[in-house]
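Listed below, chain by chain, are the residues.
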Amino acid sequence: RWLACKSLPPGALERIADTIADRLRVPWFSGAVKINVSLVPPLVLLPVFLHVAALHFLLGLIILTSLPVVVLWYYYLTHRRKERTLFFLSLGLFSLGYMYYVFLREVVPRGHVEYSQVVALTCGLILMLAALSRAKKDPGYLPIPAGNEKPSHQGLPNKSVRGSSSGLHGISGAASSRAVNGEAKGYCRMSAEQPEGVKKDWCTKCQLVRPARAGHCRLCGRCVRRLDHHCVWINSCVGEHNHQAFILALSFFMLTSVYGITLTLHTICRGRTPFVALFYCPGAYSDYSSALSFTCVWYCAIVTAGMGYILLIQLLNISYNVTEREARLALRDNTGRRLLGGLVIDTGQYNRGLLCNWGHFLSLGSSPPQRSAEDIV
């Protein structure tokens, strides 16, 4: 019916696609292994597109312009459907591996790159992957209440519980048996208590009381401590426990990528600075090896610019002690101030100055300060 341009029942093509994705398996000793379809396109299309783009300058311009558009379109599509996908993680990891492969095969044999430079680039790549592996771990999921019966709302007065200055929270009802630790981190030694007016709220989906600054991720289906955002590049949330590793992975990526781009441009565009060579390199298309290297440099430059923007926003948010989720909610409720041309939204709720804000960020995930019995009394 589809080939004959006839009408189809609603959702027919989606069901066919889901069936094909479920049947796509690889034979293995212990049984057929299912392949995630979202992993395949980057592995196949990225090398093809880059090799085609290296054939001519105009082809490179068209492909390198259309690739970000396609990636953004796919992000919008999956985000609207609230779907988790491994496409972006696969694209990121395979891009790193393929760029490193092209560098070793096409750039290093030219003899202009020293052995120590290759070692430095390799170490940067390893450190970035190590930080990325740490960022992929638990972002700070809140424990789901045990038992099949969901806790009742009746034990929560006004559907919210105000955090006390001593760090103890009176949670009555079925949720009282689950203590929530570390919901209010101190910003500095002079201000370790939870700010006034900060409330906890009840998550109807997870059926638990969320501590301050926690949020529910609709893609993961879990509540996360100090939820910043759900990052499609790591296919996980960025929260209290992995935010530092996320920033570290971005920083290592920026340093390694800029260093690799500089080494490549110094090799294929001798006598020009990297910035000038990126836009004017007359001998780049003299042979296919140089053209492929130059195309990969531009691909890396586009990805690096995007990741650099993400890192800049993250650093600004940390400086004002605001998460991306809080900034989005402040814009929706018109309760925040736009600063630095709109790059950062200051809610004013947790901002305690630059040094205290960074001290709070660097202490994320650490155990809350122990209080003596006299202090509690």
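This structure is a prediction, so every number in the text was calculated from the model and none was measured. (Residues numbered from 1 in each chain as written. Predicted model: local features only at pLDDT ≥ 70, side-chain atom pairs only at ≥ 80, totals over all residues. Heavy atoms only, no water.)

Let us look at the overall build of the protein chain. From N to C terminus, the protein chain includes eleven helices and ten strands. Out of the 377 residues in the protein chain, the part that is buried amounts to 40%. Restricting to contacts in the protein chain with at least 6 residues of sequence separation, those with at least 24 account for 64%. Of the roughly 21600 Å² of accessible surface on the protein chain, 63% is carried by carbon and sulfur atoms. (Helix = DSSP H or I, 4+ residues; strand = E, 2+ residues; numbered from the N terminus. Buried < 20%, exposed > 50% of the residue type's maximum accessible area, 1.4 Å probe, protein only. Contact = heavy atoms within 4.5 Å. Areas by Shrake-Rupley, 256 points an atom, 1.4 Å probe, with all protein chains shown as cover.)

Quick look at the side chain of E326 now. Take E326: it is sitting in helix α9 (residues 324-333). Polar contacts involving the side chain of E326 include one to the side chain of R213, which spans 2.7 Å. Contact partners of E326, with chain neighbours within four places excluded, come to R213, N321, T347 and Y350. (Polar contact = N/O pair within 3.5 Å; in protein donor to acceptor, adjacent residues only side chain to side chain.)

Turning our eyes to something else, we now look at the UniProt feature "transmembrane region" (unreviewed entry) in the protein chain. Per the UniProt record, the feature "transmembrane region" (unreviewed entry) sits at residues 48-74, 86-103, 115-132, 245-268 and 288-312. Secondary structure within residues 48-74 divides into 89% helix and 0% strand; the distance between the first and last C-alpha atoms comes to 19 Å. Regarding residues 115-132, the helix share stands at 100% and the strand share at 0%, and the terminal C-alpha atoms are separated by 26 Å. (UniProt positions renumbered as here; feature names shortened; annotations may be inferred.)

The subject of this paragraph is the state of the cysteines. All told, the structure shown has one disulfide when counted by the stated rule. Covalently, C269 is tied to C281 through a disulfide, its sulfur atoms 1.7 Å apart. What sets the handedness of the C269 and C281 disulfide is the S-S torsion sign, and at about -105° it is left-handed. Taken as a pair, C269 in the loop between α6 (243-268) and α7 (274-279) and C281 in the loop between α7 and α8 (288-319) lie far apart in primary sequence, twelve residues in all. For C281, a relative accessible area of 12% gives the class buried. Between C231, a cysteine without a disulfide, and C237, which holds the nearest cysteine sulfur, the sulfur-to-sulfur distance is 9.8 Å. The thiol of C296 is unpaired, and the distance to the nearest cysteine sulfur, on C300, comes to 6.6 Å. Taking the relative accessible area as the measure of exposure, C296 reaches 4% and is therefore buried. (Disulfide = S-S within 2.5 Å.)

Our focus in this paragraph is a nonpolar patch on the surface. A cluster of nonpolar side chains, L39, V40, L43, V44, L45, V48, F49, V52, L55, L59 and Y288, forms an exposed patch at the surface whose accessible area comes to about 860 Å². Of all the elements, helix α2 (residues 40-53) adds the most residues to the nonpolar patch, at seven residues. (Patch = residues over 30% accessible without salt bridge, like charges linked within 9 Å, V, L, I, M, F, W, Y side chains within 5 Å. Salt bridge = Lys/Arg side-chain N within 4 Å of Asp/Glu carboxyl O.)

It is worth spelling out the confidence of the model for the protein chain at this point. Per-residue confidence for the protein chain gives a mean pLDDT of 82, with 82% of residues at or over 70. Looking at the elements of the protein chain, mean pLDDT is at its lowest for helix α11 (residues 373-376), recorded as 42, and at its highest for helix α5 (residues 115-135), recorded as 96. Taken together, the stretch residues 148-194 has pLDDT below 50 and engages in 85 contacts with residues farther than four places along the chain or on a different chain. Taken as a whole, residues 369-377 scores under 50 in pLDDT and shows five contacts with residues more than four places along the chain or in a different chain. (pLDDT = per-residue confidence, 0-100.)

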